[in-house]
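Summary of structural features
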Amino acid sequence: MAGKLFVCATPIGNLEDMTYRAIRVLKEADLIAAEDTRNTIKLLNHFEIHTPMTSYHEFNKIEKAHQLTDSLLNGKSIALVTDAGTPGISDPGEELVRMCYEKGIEVTPIPGAAACVAALSACGMPSGRFCFEAFLPREKRARGIILEELKNETRTIVLYEAPHRLLDTLKELFKALGDRKLCLCRELTKKHEEFQHATLQESVEFYQEKEARGEYVLIIDGKSYKDIQKEKQQEWEAMSLEKHMEYYEAQGNSRKEAMKLVAKDRGMSKREVYQELLP
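Report on the accompanying structure. (Residues numbered from 1 in each chain as written. Predicted model: local features only at pLDDT ≥ 70, side-chain atom pairs only at ≥ 80, totals over all residues. Heavy atoms only, no water.)

**Section: the overall build of the chain**
Test applied: For the purposes of this entry, the term helix denotes a DSSP run of H or I that reaches at least four residues, the term strand denotes a run of E that reaches at least two, and both are numbered from the N terminus. Computation of the radius of gyration draws on C-alpha atoms, with the globule rule given as 2.2 Å multiplied by the number of residues to the power 0.38. Only protein chains enter the accessibility calculation, which uses a 1.4 Å probe; a residue whose area is less than 20% of its type maximum is buried, one above 50% is exposed, and one in between is partly exposed. We get accessible surface area from the Shrake-Rupley algorithm with a probe of 1.4 Å; when it comes to residues, only the shown protein chains can shield them. As used throughout, the charge tally considers Lys and Arg to be positive and Asp and Glu to be negative, leaving His and the chain termini uncounted. The atoms used to mark charge sites are NZ of Lys, CZ of Arg, CG of Asp and CD of Glu.
From N to C terminus, the chain includes 12 helices and 10 strands. Compactness check: the chain gives a C-alpha radius of gyration of 26 Å against a globular reference of 19 Å for 279 residues, more than 25% above the reference. Its C-alpha atoms put the chain at 85 × 50 × 30 Å along the principal axes. Counting every position in the chain, which comprises 279 residues, the buried fraction comes to 43%. Total accessible area on the chain is roughly 16100 Å²; 50% of this is exposed by carbon and sulfur atoms. Separation of charge centres in the chain, based on 40 positive and 45 negative side chains, amounts to 3 Å.

As structure tokens, then:
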């Protein structure tokens, strides 16, 4: 019988957020695969967990995943943990989980803390629909592509950022997205937990004067449908009526139907469109 992989969430700061189930699973597992064993040993010592550990991180995630799945296939049970929060959410754990499914190994989540969910739940901004981007790419071209995609994102945007890169990221976001509402969630569940409500421009100005400290989750307002419609209408109005009609007729619409669509785009009546098109 193959063993089982347990994907164990651990606290993102406050050790009281550790669940009873997670403690039990970590004690009963044959092995703990940890992103950083130096960090995880502090957690294990606190809860008097003596299970053997091995490292599983970004730089050995493929090679080590093969070793871990071999152990699982031989009947061992393994608990996967990250430095803080839920494995697989913006960390290399997803690679091991994927490989387990490919090899028919059972995977079970042990839910708990996740910084993105904790921030959303307490920031007071729309959370019914959100877009999670974690850390923006370091590479300039990839970063630019993501920022371009986020320009018209209508869902609430969730990002992670380290303190030494926060100001540069805020500047890039302001340049790309304009001045959106923002909640900067700092040091979640820790002693200096803070929720800073401002705009992107205000946050840039603030952190130009004050040093950023701690880990941040950025919750950014999505673009409103009203703004999208306004921009689209401006695009249509910059186009001649004849070109606008040709656009819809080229899609197979009759002239009457194209006229109706043009009128809707421009906030006009069909009669007004008809009269302006008269020679």
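**What about the sheet that holds strand S10 (residues 216-220)?**
Put simply, the rule reads: Here, a strand pair is defined by DSSP locating no fewer than two bridges between the strands. Each axis is a line fitted through C-alpha atoms, taken for helices only over the stretch in contact, and angles between the N-to-C directions span 0 to 180 degrees.
A sheet is described by the order of its strands in space; here five strands give the open sequence S6-S7-S10-S8-S9, paired in mixed fashion. This sheet does not close on itself; its edge strands, each paired only once, are strand S6 (130-134) and strand S9 (194-199). Strand-to-strand twist across the sheet, computed as the mean angle between neighbouring axes with direction ignored, equals 20°. Note that strand S8 (residues 181-186) and S9 share six bridges and pair antiparallel. Residue pairing for S9: Leu182 is matched across the bridge by Ala198.

**Regarding the pattern of salt bridges**
Think of it this way: side chains of opposite charge can pair up when their charged atoms draw near. Selection rule: Think of a salt bridge as a Lys or Arg side-chain nitrogen and an Asp or Glu carboxyl oxygen that are within 4 Å of each other.
Counted by the stated rule, this structure contains 15 salt bridges. Across the salt bridge formed by Arg155 and Glu153, the nearest N and O atoms sit 2.8 Å from each other. Looking at Glu153, the relative accessible area reads 12%, which means it is buried. Bridged by salt links that share partners, the residues Glu95, Arg98 and Glu102 form one connected network.

**Thoughts on a positive patch on the surface**
Rule in force here: Candidate patch residues must exceed 30% relative accessible area and have no salt bridge, after which like charges are joined if within 9 Å and Val, Leu, Ile, Met, Phe, Trp or Tyr side chains if within 5 Å.
On the surface, Lys256, Lys260, Lys264 and Lys270 cluster together into a positively charged patch. Take the positive patch: its biggest share by element is three residues, from helix H11 (residues 255-266). Position of Lys256 relative to the elements: it lies in helix H11. Looking at Lys256, the relative accessible area reads 64%, which means it is exposed.

**Quick word on the nonpolar core**
Our working definition: In this description, a nonpolar core means a group of buried Ala, Val, Leu, Ile, Met, Phe, Trp, Tyr and Cys residues linked to one another through side-chain atoms lying within 4.5 Å. Residue contacts follow a heavy-atom distance rule, with two residues in contact if any of their heavy atoms lie within 4.5 Å.
Membership of the largest hydrophobic core comes to 21 residues, with the highest contact counts inside it found for Leu166, Leu170, Leu173, Leu177 and Leu218. Among the secondary structure elements, those contributing two or more residues to this core are helix H6 (140-150), strand S7 (156-161), helix H7 (166-177), S8, helix H8 (200-209) and S10. Examining the composition of this core, we find that five residues originate from one element, H7, more than from any other. Ignoring sequence-local partners within four residues, the contact set of Leu173 consists of Leu147, Leu159, Gly178, Leu200, Leu218 and Ile220.

**Re the pairing of S7**
The test is simple: A crossover gets the label right-handed when its path from the first strand over the helix to the second runs clockwise, viewed with the strands pointing away from the viewer.
For S7, the tally of buried residues reaches six of six residues, placing the bulk of the element in the interior. In S7, alternate side chains face the same way, and those of Thr156, Val158 and Tyr160 on one face and Ile157, Leu159 and Glu161 on the other are all buried. Here S6 runs beside S7; their pairing, made up of four bridges, is parallel. Among the inter-strand pairings, Phe132 is bridged to a residue of S7, identified as Val158. In this view, the connection linking S6 to its parallel neighbour S7 by way of H6 has right-handed handedness. Sheet topology places S7 next to S10; five bridges connect them, and they run antiparallel. Along S10, the bridge assignment pairs Leu159 with Leu218.

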